[in-house]
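Now for the letters of each chain:
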Amino acid sequence: MLVFIGKRMLQLIPVLFGVLLITFAVTRFTPGDPAELAAGEDATQAMIEATRTRLGLDRSLPVQFGLYALRAVQGDLGTSYILGYKVTTLIGQALVYTGQLALVAMIVTIVLGVPLGIVSAVRRDTAIDGIARLVALIGVSIPNFFFGLLMILLFSLYLGWLPSFGTGTWRHLILPGITLGTFSTGLIARLTRSSMLDTLEQDYIRTARAKGLAGWVVVYKHGLRNAGIAIVTVLGLNLGNLLAGSVLTESVFSFPGIGRLLVNSIFNRDYATVQGAILVIAIIYVLVNLLVDMLYAVVDPRIRY
Amino acid sequence: MRAVIRSNPLLREVVGSRIAQLSLFVTLLYVVVAAFGPQLAPYSEIEMLTLPRQAPSAEHWFGTDEIGRDIYSRMLVSARVAMTVGFVAVAIGLVFGFVMGVAAGYFGGWVDATLMRVVDVLLAFPGILLALAVITFLGPGLTNTMIAIGIGGIPGYARLVRGEVLSVLERDYISAARALGANHLRVIIKHVTPMLLSSLLVFSTAQLARAILAEAGLSYLGLGVQPPFPSWGGMISSGQRFFLSAPYMAIYPGMAIMVLVLALNMLGDSLRDALNPQLRKATTSSE
Amino acid sequence: MHIPLRSLSRLLLASALALASFAMAQTTLTIGRPGDITNMNPFRQANNLTSEVTYQVHEGLVTFTPDLELVPQLATSWELLDDGVTWRFFLREGVTFHSGNPFNAEVVKWNFETMMNPEDPGVAAGLLAAFSEVNVVDEYTVDVTLHEPNVVFVATLGAPLLMMVDMLHYQEVGETAYAQQTPSGTGPFSFVSWNPGQRVVLEKFDDYWGDVGAEVDRVVFEVIPEESSRVLALRTGEVDMIFGVPAEQMDALEGTGGLQVWRTPTLRTVFLEMVTQHPFLTRDVRHAISHAIDRDQISTIIGDNGSPAYSHGPPGTLGFYDHTLPFDPERAAELLDAEGWTLGNDGFRYKDGERLSLANLARGVTPGEIEALQVIQLQLRAVGVEMTIERVDTAAWVGTMNDGATAWAENRTVPTHSMWTSAAGIRTGEVGYLMNRPMCEQTVRNWTMIECTPEYDEAFARSQMPLSIEERQAAYEVLGEWTAEWQARVPIFHVQVNIAAKDSISGFVVNPQDALDLRGVSVGN
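By convention here, each chain's residues receive numbers from 1 onward along its written sequence. Key to labels: chains lettered from A, ligands numbered from 1, both in the order written. Whole-chain, interface and lining totals are the exception, using all residues; otherwise, since this is a predicted model, local features are given only for residues with pLDDT of at least 70 and side-chain atom pairs are given and counted only at 80 or more. Side-chain metrics rest on all non-hydrogen atoms present in the structure, leaving aside hydrogens and water.

**Q** Provide a residue-level description of the confidence of the model for chain C, including the pertinent values.
**A** Residues and elements named next belong to chain C. Looking at chain C, the pLDDT average stands at 89 and 94% of residues meet or exceed 70. Mean pLDDT values over the elements of chain C span from 51, in helix 1 (residues 5-25), up to 97, in helix 9 (residues 283-291). Confidence of the predictor at the level of single residues is given by pLDDT, which spans 0 to 100. In what follows, residue pairs with any heavy atoms lying within 4.5 Å of each other are defined as contacts. pLDDT under 50 marks residues 17-23. Its contacts with residues more than four places away, or in other chains, come to zero contacts. We count a stretch as a helix when DSSP gives it H or I for four or more residues in a row; a strand needs E for two or more, and each element gets its number in order from the N terminus.

See the structure below:
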């Protein structure tokens, strides 16, 4: 077990190195002089030169990359030249909001997606299955920003039940949370259906059914448990999709999470923040993947790598 | 055409299913619109014609936009944007991913290790994120959108192809061919590639849907096709500003994306279901 | 623990009542706005969105009423001394800052000197260029001496620009902390918090000196960039008032029960501005672009968002001079041809393989702005000029222009940005407020990067002198002719301010000169 974890951790190193390289490229090969940006609006040429030296921008690219990586490893992602705040501060604040949103989306996914898939599998080839499959398919096909707009139209404008923007109370999380969870709900429903079908076709389940065990007991006891691993895996991996999906959802709802921070920073050419946000999302994603792999090994000792 | 369909078991099965027929029909309809959109459009997609935000009427089927352009015409022309970005992005992902996957799977060893680490790095950026990173340093625009989305598709193809190559290589006749000293390229082209075609077809259909959604997302954020040229995502974005008084400005383009992606996903499902027995056979025989 | 049910219910009732009375006592005015502040430091505030907020916390020496009358604020009276260049201000006594520090002549002197610091000029330095020195006469009297006679100097002080900053506090906490966390002024509201990109919260300042101060306990400025979301937020009651209502929504809101609207033509104008030092934007290309713009077409598209603009202010403003060029696409094409920009197959013009393509940096904060730009985009396209619209945040917008102008002023660095869209309002009743400042003695950044023009500078000085209206108008005409020749700042439309609020809001008056005043505004039931 420990060997496995150690091995996976080692594999992580080149990946994180590559991620750093890509985010480094985002700032270094974009138009605009980072030194001028960092030196600020009122900087004179001398101040810009001083900043260039201070930031190490007068050195060769490999050295610059080394310095960047070293700082990033120490948790220093620089300062946003637009807002004057530390990038880590901005990202930290935004992540709290996105985290809340992701949580709601995850709950929606589990509460809606899994039952939808189960019903679909158990009632295979009935009208219920047809409807459930269509709903799941729409979930993975509708652009989430468009779905968000439709939700605003219905629940904020026509019904007036929920706020359409901003933060503050749990009510503010509902529409963006559901919107963010649409895709993963569809995905999980489809996955649950197919893995349930696979399991239900296994001989021992047929045997259990033949023995007269009530249908639902079989479904829950055997079907779900065996489909469970696949579902949990996808749920785990899904966190990364939620982070990426937040880019669009948060734009629709003017929600101050990491997605909107990233998009605004791209527009404002605030490269320090762009780079930081992309780096942080990628690292979270990679770490969650690792965690899912480990859980896997713990839950199911048969799995060996 | 009929003969072709009858002679190919896959196509026969796909065409046989109602859902598959419907989704294939819808997809082809979009392809036709993409090809002839500008000719089909009753008005110019960028000229201002009339007063802004006119509700749908006989003259302007889907109404007019915020500066008086015909929404229906803009939507028809946008189909070409979506399809072009979709197909080119998928092609980029397919070509690079295929080469990487075949090389990794066929040669193994350090080639495999290196290429797969590259793939791991690309996979570390979930969803639209890699495209955003690429757009950040390439800048917005149609061409850059295709490149950005295409790069995002590479790792998926590389992994799929590598896995398939590995399973194909374990078959006796290919081992035999290699043992007999057949040249690499020959083995790859003659023996490996044909085995991959069906799974690539299924995967590409899903990738096309993904690419079209990504294009819509980037355009919605203002990072894709730049105004005055239309794109569904961009039309939703500007429609959002008039959502209270003229919801149709956003709803029609949104429906256009949804129906196309729905059709592609349904087509993908049908293809997969049709291929499933074959695929299953392929995997079991290699065990 | 055992609590009798009855006493428990009594306890609950009591706390519910306490909560209810607390909720009643606390009144909050929530305002939805299209954008955020850039900071809370009056020396560094760059735009109206920022000064709308800082002006609730800080105050100036004088101010304008909604009827455009100049009235006392922190100065009780002022007079021009016999030398003709020294203004004496008598200050209000017994005024304290939110920090508890006293307001006095020393503070006023420091504020002038900080704003006018030649090493690091503040935001109003260019507008107050006539300033020479400031001297303390006694604790509540200061003399401000000018370089030259200037009649609009005091009026300029009435704009939300030179606001009195708490000197001791500013020096103690430093510029950054002041700008982001702890501003301190004398205004009716004190600062509570700022979450960048989300909201600013202010609260009533109990020791305010004036008779009419804050009537609500809290003011919350919510950032709601989407126009539709803003309207929706008002309809659902999430906010009490919204700024920047899209024109097409006004009728609907007016007809909605429980809501009221304000439609006010303002002295605010949206301009298309060009960087004269950009390699593509030679004088003739700028003229061609100007000739290609059809204001009547723009007007039909933007509707109630505003009316066509031909000068820095609407007709009737002192110094009005039509400096636009007539709509004439053929003339535009001729000029471009003559400049060597030839039409390519794709309908755009090229020279040496380069497309005549210009990126317009727009914040999109003024309703109608983006629609007007899209129309202009097509009008320019008709003569072969590509204009892309780049949406940027206010901070980035200001940063780009400042950096470019500074680099050009110091090293003649060729700018990389070419064009932007601005919206600016007159705050002194005359167009001189918005016109390009004298350029030879560079005291402030010159965003359009026009070369030093002594004749212009001299006419500008004359337009600001205490002369007869006719003489000043004549000077303004010279300025107008130069402006027409440069075509660096092209007026597009005058903004109509559209505001909507719940019926329960009372005491609110729109000031056409961009000075938000929340004194006396109350939230009923």
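**Q** Give me the sheet that holds strand 7 (residues 141-146) of chain C: which residues, what numbers.
**A** Residue and element names in this part refer to chain C. What the four strands build is an open sheet, ordered 4-5-7-6; its pairing is antiparallel. Unpaired on one side and paired on the other, strand 4 (75-80) and strand 6 (131-138) mark the two borders of the sheet. When strand polarity is set aside, the average angle formed by the axes of neighbouring strands in this sheet is 20 degrees. At least two bridges found by DSSP between two strands are what make those strands a pair. Sheet topology places strand 4 next to strand 5 (residues 86-91); five bridges connect them, and they run antiparallel. The residue bridging E79 from the neighbouring strand is R88, located in strand 5. Lines fitted to C-alpha atoms define the axes here, with helix axes fitted over just the stretch in contact, and angles between the N-to-C directions of these axes take values from 0 to 180 degrees. The sheet strands contacting helix 3 (residues 105-115) are strand 5, strand 6 and strand 7, and the helix crosses strand 6 at an angle near 170 degrees.

**Q** Could you give me a rundown of the pairing of strand 10 (residues 218-223) of chain C, with the residues and numbers involved?
**A** Residues in a regular strand point their side chains to alternate faces of the sheet. Residues and elements named next belong to chain C. When a residue's accessible area, from a 1.4 Å probe over protein chains only, is under 20% of the maximum for its type it is buried; when over 50% it is exposed; and in between it is partly exposed. For strand 10, a buried count of five out of six residues is recorded, marking the element as mostly surrounded by other parts of the structure. In terms of strand pairing, strand 1 (residues 28-33) meets strand 10 through six bridges, oriented parallel. Across the sheet, residue I31 finds its bridge partner in strand 10, namely F221. Note that strand 9 (residues 199-204) and strand 10 share five bridges and pair antiparallel. For L202, the partnering residue across the bridge sits in strand 10 and is V219.

**Q** Can you explain the interface of chain A and chain B? Please cite residues and give values.
**A** Opposite the 42 residues of chain A that make contact, chain B presents 40 residues. Two parts lose some accessible area (1.4 Å probe) when they are put together, and adding that loss for both gives the buried area. Of the roughly 3,600 Å² buried between chain A and chain B on both sides combined, carbon and sulfur atoms contribute 81%. We count a salt bridge whenever a side-chain nitrogen from Lys or Arg sits within 4 Å of a carboxyl oxygen from Asp or Glu. If you look at where chain A meets chain B, you find one salt bridge. The closest approach of N and O atoms between B:D269 and A:R190, which form a salt bridge, is 2.9 Å. Throughout this description, a polar contact denotes any pair of N or O atoms lying within 3.5 Å of each other; where both atoms belong to protein, one of them has to be capable of donating a hydrogen while the other can accept it, and for residues adjacent in sequence the pair is counted only when both atoms sit in side chains. Applying the counting rule to chain A against chain B returns three residue pairs in polar contact (both at pLDDT 80 or more). Looking at the side of chain A that touches chain B, the elements that each hand over two or more residues are helix 1 (2-28), helix 6 (127-141), helix 7 (144-158), helix 8 (171-200), helix 10 (215-252), helix 11 (258-267) and helix 12 (271-299) of chain A. Across the side of chain A that touches chain B, the residue classes tally to 33 nonpolar, six polar and three charged. Classification used: nonpolar for Ala, Val, Leu, Ile, Met, Phe, Trp, Tyr, Cys and Pro, charged for Asp, Glu, Lys and Arg, polar for all others including Gly.

**Q** Provide a residue-level description of the sheet that holds strand 16 (residues 354-355) of chain C, including the pertinent values.
**A** Spatially, the three strands line up as an open sheet ordered 14-15-16 (chain C), and their pairing is antiparallel. In this open sheet, the two strands that pair with only one neighbour each are strand 14 (342-343) and strand 16 of chain C.

**Q** Before we move on, could you go through the environment of B:I19 and cite the residues and values that matter?
**A** All names here are of chain B. Here I19 lies in helix 3 (residues 18-40). Taking relative accessible area as the criterion, I19 reaches 48% and is therefore assigned partly exposed. When the C-alpha positions of I19 and G105 are compared, they lie 35 Å apart, and in sequence the two are 86 residues distant. Other than its neighbours up to four places away in sequence, I19 contacts M266 and S270.

**Q** Account for the confidence of the model for chain A, naming residues and giving values.
**A** Chain-level statistics for chain A give a pLDDT mean of 81 and a share of 82% at 70 or above. Averaged pLDDT values over the elements of chain A bottom out at 60 in helix 2 (residues 34-39) of chain A and peak at 92 in helix 6 of chain A.

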